[in-house]
Structures are given as C-alpha cells and as structure tokens.
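The lines below spell out each chain.
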Amino acid sequence: MELLNPKKTEFAHLDEKSRNIMKRTIEFFEKKGKNKLKEDDRHQTWYGDFLEFQKEVKAFATFMTPAGYGESDSRWDTTRICDFNEITGFYGLCYWYTWQVTMLGLGPIWISKNEEIKHKTAKLLQEGEIFAFGLSEKEHGADLISSDMVLEKNGDGSYVANGDKYYIGNSNKAAIVSTFGRMKETGNYVFFAVNSQHKNYELIQNVVNSQSYVGEYALHDYPISENEILSKDRDAWDASLSTIAICKYNLGWASIGICTHSFYEAINHASKRKLFNRYVTDFPQIKQMFVDAYCRLFSMKLFASRAKDYMRSASGSDRRYLLFNPMVKMKVTMQGEEVINLLWDVIAAKGFEKNMYFEMAAKDIRGLPKLEGTAHVNMALIIKFMNNYFFEPNSSLPVIPKVNDFKNDDFLFNQGATTKGFEKISFHDYNVVYSSVDLPNVKIFRKQIATLKEFLEKTPPDGKQSKDLDFMLIVGELFTLVAYGQLLIENAKIEKVEDDLLSQIFDFLIRDFSKYALQLYSKRSSTVEQMAKCLEMIHKPVEDEELFLRVCAKVYSYKDAYEMAP
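Residues numbered from 1 in each chain as written. Predicted model: local features only at pLDDT ≥ 70, side-chain atom pairs only at ≥ 80, totals over all residues. Heavy atoms only, no water.

**With respect to the overall build of the protein**
For the protein, the helix and strand inventory stands at 20 helices and ten strands. Relative to its length of 566 residues, the protein is compact, with a C-alpha radius of gyration of 24 Å against a globular reference of 24 Å. If one aligns the C-alpha atoms of the protein with their principal axes, the spans along those axes are about 75 × 60 × 45 Å. Looking at the 566 residues of the protein, the share that counts as buried comes to 60%. Just so you have it, the protein exposes about 22,300 Å², and 51% of that area is on carbon and sulfur atoms. Charged side chains in the protein number 72 positive and 77 negative. The centres of these two groups are separated by 3 Å. (Helix = DSSP H or I, 4+ residues; strand = E, 2+ residues; numbered from the N terminus. Rg over C-alpha atoms; globule rule 2.2 N^0.38 Å. Buried < 20%, exposed > 50% of the residue type's maximum accessible area, 1.4 Å probe, protein only. Areas by Shrake-Rupley, 256 points an atom, 1.4 Å probe, with all protein chains shown as cover. Lys, Arg positive; Asp, Glu negative; His and termini not counted. Charge placed at Lys NZ, Arg CZ, Asp CG, Glu CD.)

**Quick notes on the pattern of salt bridges**
Within the structure shown, the criterion is met by 43 salt bridges. Residue Asp15 pairs with Arg75 through a salt bridge whose shortest N-O separation is 2.8 Å. You can see Asp15 sitting in the segment before α1 (16–42) and its partner Arg75 sitting in the loop between α3 (59–63) and α4 (78–91), a full 60 residues away along the chain. Among the ionic contacts, a cluster of salt bridges with common partners joins Asp15, Arg75, Asp77, Arg80, Arg312 and Asp409. (Salt bridge = Lys/Arg side-chain N within 4 Å of Asp/Glu carboxyl O.)

**With respect to helix α6 (residues 115–126)**
The end-to-end C-alpha distance of α6 is 17 Å, a good match for the 16 Å that twelve residues give at a rise of 1.5 Å each. Where the residues of α6 are buried, they touch α3, α5 (93–111), β1 (131–134), β4 (176–183), β5 (189–194) and β8 (229–232). Where α6 starts, the residue carrying a side-chain oxygen 3.3 Å from the main-chain nitrogen of Glu116 turns out to be Asn114. Positive phi appears at Gly128, one or two residues downstream of α6, with a value of about 90 degrees. (Expected span 1.5 Å × (residues − 1). Contact = heavy atoms within 4.5 Å. Polar contact = N/O pair within 3.5 Å; in protein donor to acceptor, adjacent residues only side chain to side chain.)

**Regarding the domain arrangement of the protein**
Segmenting the protein into domains produces domain 1 (16–129), domain 2 (133–232) and domain 3 (388–396 + 422–565). For domain 1 and domain 2, the distance between their C-alpha centres works out to 23 Å. Taken together, the contacts link 24 residues of domain 1 with 22 residues of domain 2. The interface formed by domain 1 and domain 2 contains zero salt bridges. Inspection of the region where domain 1 meets domain 2 yields eight residue pairs in polar contact (both at pLDDT 80 or more). Those elements that place two or more of their residues in the side of domain 1 that touches domain 2 are α1, α5 and α6. When residues of the side of domain 1 that touches domain 2 are assigned to their parent elements, the largest contribution, ten residues, is made by α5. Taken together, the residues that form the side of domain 1 that touches domain 2 break down as eleven nonpolar, eight polar and five charged. (Domains from an automatic or database assignment. Nonpolar A, V, L, I, M, F, W, Y, C, P; charged D, E, K, R; others polar.)

**A closer look at the environment of Lys34**
Position of Lys34 among the secondary structure elements: in helix α1. Separated by 532 residues in the primary sequence, Lys34 and Pro566 place their C-alpha atoms 4.9 Å from one another. Other than its neighbours up to four places away in sequence, Lys34 contacts Glu265, Asn355, Tyr357, Met564, Ala565 and Pro566.

**Details of the packing of aromatic side chains**
Scanning the model with the defined rule gives 54 aromatic pairs in all. Consider the rings of Phe390 and Tyr430, whose centres lie 5.5 Å apart with planes at 85 degrees: the pair is edge-to-face. Residue Phe390 is located in helix α13 (residues 386–391), and its partner Tyr430 is located in helix α14 (residues 430–434); the two are separated by 40 residues in the primary sequence. Pair check on accessibility: Phe390 and Tyr430 agree, each one buried. (Phe/Tyr/Trp six-rings, centres within 6.5 Å; stacked < 30°, edge-to-face > 60°.)

Okay, structure coming up:
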C-alpha cells in the first residue's frame, strides 16, 4: 500500500470502467490546474465544471447506483467509493462534499421500498443530477425527535409539507431532497422526496462562505403524493441512521486525500529550502515531524481500508463494522488534523500563501471531525462496544479477508435498526492479533492495553464517572487506540507493510496512549486507585535511531514524487 500519487497510481484493483473514471477524474483536475483550483476556492465559485464532468463520465451514476437499477453492471461497491473519496478530497473538499451529500440524499431512497422512485432516481443519476439529505434543522440540529418539519394529510390521500431545514448540502440544485419529518396527526416519522426547483420550495440562503452550497430551505404547503413517500414510522428512523452509518465512513477518506496532497507540498517545499546553511529537512525536529506525519497518514489509510473489509462483509450476524465505521469518521479525521498540524509546523508561513493547496487544506481539514455527528457523538457510540471487545471475545466469528470483489454491498441497504442490539455485537480476541507480531513497540503497546483492561476490571468508572461524558471520552480514546492498532496489524499483514514502518507507527501509538493516560490521571474525579493505574499505562517507545532514520529516508523519498500542474 502506498499513498495516492495521481502521476503513478494505476488502480489495478478496479475493473476497467471504474479505473477509467478514476484516471479521467485525475486528468480533469490536473488540466484544471492548481491556480484555477485556488481561484475558484477564493471566489467561492460553484463547481459546475466538475458536475458537468461527472455527468459526462457518469461518475456518480456508476458509483452510487446499486445492482438492479440503472445500467446492467450497476453496483454499490465500497472499494471504488473509497478511491473516489480519496481523489476528490485530494483536489478539494468541495468536490468531495457535493458527492458526499448526494450519497446522503440517495441513502433513504435506496433503503426504501418505493420501487417507482428508485427507478426514477437511477435515471436522474444517469442524467448527471445531484441529491440532498434534508435531515437537520436550525433549532434542533440532528435531533430527529424534535423535528419541526411536518407532513399533513389532505382529504384526497395526498399530503402537504411545511417546515424548514438547515445546513443541507446541494439544496440549491438537488433533483431530489430526501426530507425527514413527522406526520402532523400522529407525530410518527416520515421520509419524503421533494424537488429543489419546485415553486413551493423556498431556498433561503447558503449558510457558509464556501464553494459548496450548504443551504437553508423551507417548504410551504409543498404537495406530496403517496408515490413520493420513501418510508414511514420506524422505517424512516432506521433509514436516517443507516444512511449516516454508510456515509460518515467517507469522511475519513476525504481527510486521507487532503493530507496526502498536503504532504507532497510540504516535503517538496522543505526539501528545497535552506536555513542557516542547512536544508530544512536536515533538522532533527523536522525529521521527527515528517516521520510522525507520514506514519499517522499511512495509518489513516491502512485503518480505513481495513474497516472497509468489515463493512463489505457485514451481515445481520456480524455487525463489527458498527465499531469500525465511526472510528473512520472520528479517529481518522482527528488524525488528519494532527497530520496537518505537524506539516504546518514544518512549512510555517508557507502554509498561509494563497497559491498553496495547503492554505485550503488547513481550513478544510477542521470540518471533517465535526460533520455527520461530532467526534464526541461518535465516541459515545464507540464506548458502547468496550465491554464486549475487552471481556466477551467470540472465537466463532469469521476472519475477514481483504474484500475488493466486484460485488454489490447488499447489506448496507438492509441494516435494520442500527441503534439496537449493541450488547449482542461481539469481536474476536484482540490478543490473538497483537500476539502475532513480534516487534518491541508492539510489545510495549500490549502492556499498555493490559493495564487499561486492569483499570476497567479493578477500578472501573463509578456511576457518576460513567455519566460524565468528559471523563468517558478519555476512556474512549484509550479504547479506540486498541481497536485502531488491531486493524493496523491486520492490514499490515495483508498489505505486507515492512516491520520498520509498523514499528514506527506503534511508536506514536504508545505516545498517544501515554498522553491520554495522563489526561485521565489529571481528571478531577479520578480516584487514587485509578490514578495509579493511569501512571502504569505511561510508557516510552523503544529507542532505535537506526530504524527511525530508515523510516525517515522512506518518507524523504517522496520528494518531487508529485506536484500538481499549475
């Protein structure tokens, strides 16, 4: 596995049609050039050129139409969706965003039992249309229970919709806005389809200063027929959460794309700049920053691609993806911020310059941990799996292989109640994975894990601490590192990652674990016994200068590997 390089990456794992779309997408952006890319960003230019391009090559139609709809070879294939996420993020978050919110809008449609609107949607995708997801509201955010959008019955069997939605991407142009609300008479949930160009649809404003249109809209006695109802009652509730479970995973890949482009710019700049008669890349602190940035970025991709395997293999009896998906959304995007921070410390003032991709990346990377549920919301979900992960291993679960098959990911649109049954979701014994690697830093990390498990067994959070999300978020960070490391080891074996790099990855994981242990120690509510366990969790990675320098040489080999066309 390597970082995406638009000049070299061949996408050999994809079918010919998908491979061609990826390469043509790269060609579109390289022909556009960085100067125009940045000019459009500064002037907040609507990305009509990109949408016309995707219409021409049928990118959205190819990648977001499940089997049984659209063309005969249509399929929802998460592997190639990851690649398109990474490419669009690599060139600019706004291009990824219009694709992402189209996918969100499509979720309630493909999950629904409304076959008529599904076939209509497939046709609209073929015509190059985009979609939107009308869920959140100005006063309630994503609090679905408090939704003020209402659907009222008419006497003739039709309905009228009234209410407003806020922070809705693509709401200016979407052919269908999948809109969540409640039935006026019963208060039951409902999803229905509206058209952004209808006269009873009021587009109020773009709520952000951006190329993207993140709109506020209102419906005024908007007429809805039974054929435009996507789902009702519990089905509507489940459709909203299942859609988010599918799509929030994409945010990690957007971060990977942004960080990868930023990494190339940083290494190209620093390797050519001299200060005090030395190249910047010769300074010890710069070597450390670059090695850390690269290891974190590589880990982001290694973890997200392994989580994809669990997602594509999911079933009613194996829902491990419900732990790993929110980790891609939460952990990978937060690691993306860490990568940009490290690279920015290297290139300093250069990161502010208007002709740098980095200037755009430094702004955009901040949004991803805060979209599709904040990092805190996703951490609260992740914590629910902690007991079963540590204390109830299930050896009967299948070992998940790498999944790059050209198949439709059927289960994603049949997830059922994604908010129920967490206590039944089990995991393999993580010790089996960790003990399969004989590296000094992995052994140290295993000691930290063992102490964390003792902490949870002997000095667990009491009733008050368990209700204190501020306290539990730190416990969750420690747990997340354990699951993160597990999937990194699994995928390192699959992708044949060299031991040097894996050991250096665990160098930063050990330091991160120690950092969170110290934070937990410092909490006002930590008990004396808990504090003692926290101190036991603090370790230092193995000192191996030669290994570090070998990894640093690998990182520096990316110098001049890629630079975007001007």
